[in-house]
Amino acid sequence: MPRDYIQISLGLREFSVLDLKEHESEIIVEVIKTLSYGVCPECGESTNKVHQYKGRAIDDIPIQGKRLQLKLKQRRFKSASCGKVFTERFGSIRSRSHRTIRYEQYLYEHGKNRALKDIAVEYQVKYTSLRRLWFRCAQEVLANRPAQHPKKMGIDEFSVAKRHEYRMVLTDLEKHCVVTTLNGRDSAGLKSYLQTFS
């Protein structure tokens, strides 16, 4: 299989393909970051002086029905200015992760309508690791979702600690769900919360 074709099909432009090995059930692609230099996080100077190479096995989205593993040749650079040794970073792989970000998203999407245990077996991922991954991705999706404020909102109050402490509960009257709860029952707290809608 032509090397240029594999590089394009990977869709990871920050890497250059060094080698390819295709087996019965998996494809192993050796890659290295295309940029030949790194920027020191300590002094901010760029350097191409390689201190050490380190191999990392990174799982990626299956291709042609086979498991895809990137054999990453990661570099550690040494700054000529301050002498600090640092490891290069990647936009498509989280620090210390064994999967590409897009593969994490791929597993997350598959987990929306299927049991995580089934996905763990199918993709040979530890269930506990997959569960942590899935909930982290879900939290990121929620955090990045644009705020949708209720059009119609109900306000009620309830007491806790034997009526010595009160809370306000705000509900979405159209979706029939709780929006939030606020400490106390004074108008100042409610006004402060409603100002976040603007």
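Cut-offs and rules
- Residues numbered from 1 in each chain as written.
- Predicted model: local features only at pLDDT ≥ 70, side-chain atom pairs only at ≥ 80, totals over all residues.
- Heavy atoms only, no water.
- Phe/Tyr/Trp six-rings, centres within 6.5 Å; stacked < 30°, edge-to-face > 60°.
- Helix = DSSP H or I, 4+ residues; strand = E, 2+ residues; numbered from the N terminus.
- Buried < 20%, exposed > 50% of the residue type's maximum accessible area, 1.4 Å probe, protein only.
- Contact = heavy atoms within 4.5 Å.
- Core = buried A, V, L, I, M, F, W, Y, C linked by side-chain atoms within 4.5 Å.

Novice: When you look at the packing of aromatic side chains in this model, what are you seeing that I'm missing?
Specialist: We describe a pair of aromatic rings using the distance from one ring centre to the other and the angle between the two ring planes. A complete count under the given rule lists 6 aromatic pairs for this structure. Ring centres 5.4 Å apart and planes at 45 degrees place the aromatic pair Phe15 and Phe90 in the tilted group. Here Phe90 lies in the loop between strand E7 (85-87) and helix H2 (101-110) and Phe15 lies in strand E1 (residues 15-22), a separation of 75 residues in the sequence. The pair Phe15 / Phe90 is uniform in exposure class, with both members buried.

Novice: Looking at this structure, I do not really get the environment of Arg67. What am I missing?
Specialist: Looking at where Arg67 falls in the secondary structure, it is placed in strand E6 (residues 66-78). Between the alpha carbons of Arg67 and Arg102 there is a distance of 14 Å; along the sequence they are 35 residues apart. Apart from residues lying up to four places away in sequence, Arg67 is in contact with Ser25, Glu26, Ile27, Asp59 and Gln124.

Novice: Is there a simple way to think about the nonpolar core in this case?
Specialist: Generally speaking, soluble globular proteins have nonpolar side chains that are buried together. Among the nonpolar cores identified, the biggest contains 14 residues, and Phe15, Val29, Val31, Leu70 and Leu72 are the most heavily contacted of them. Among the elements of the structure, E1, strand E2 (26-33), strand E5 (50-63) and E6 are those that each provide at least two residues to this core. Apart from the residues within four sequence positions on either side, Val31 is in contact with Phe15, Ser16, Val17, Leu18, Leu70, Lys71, Leu72 and Lys73. Of all hydrophobic cores here, the second largest spans 13 residues; its members include Tyr108, Tyr123, Leu133 and Ala138.

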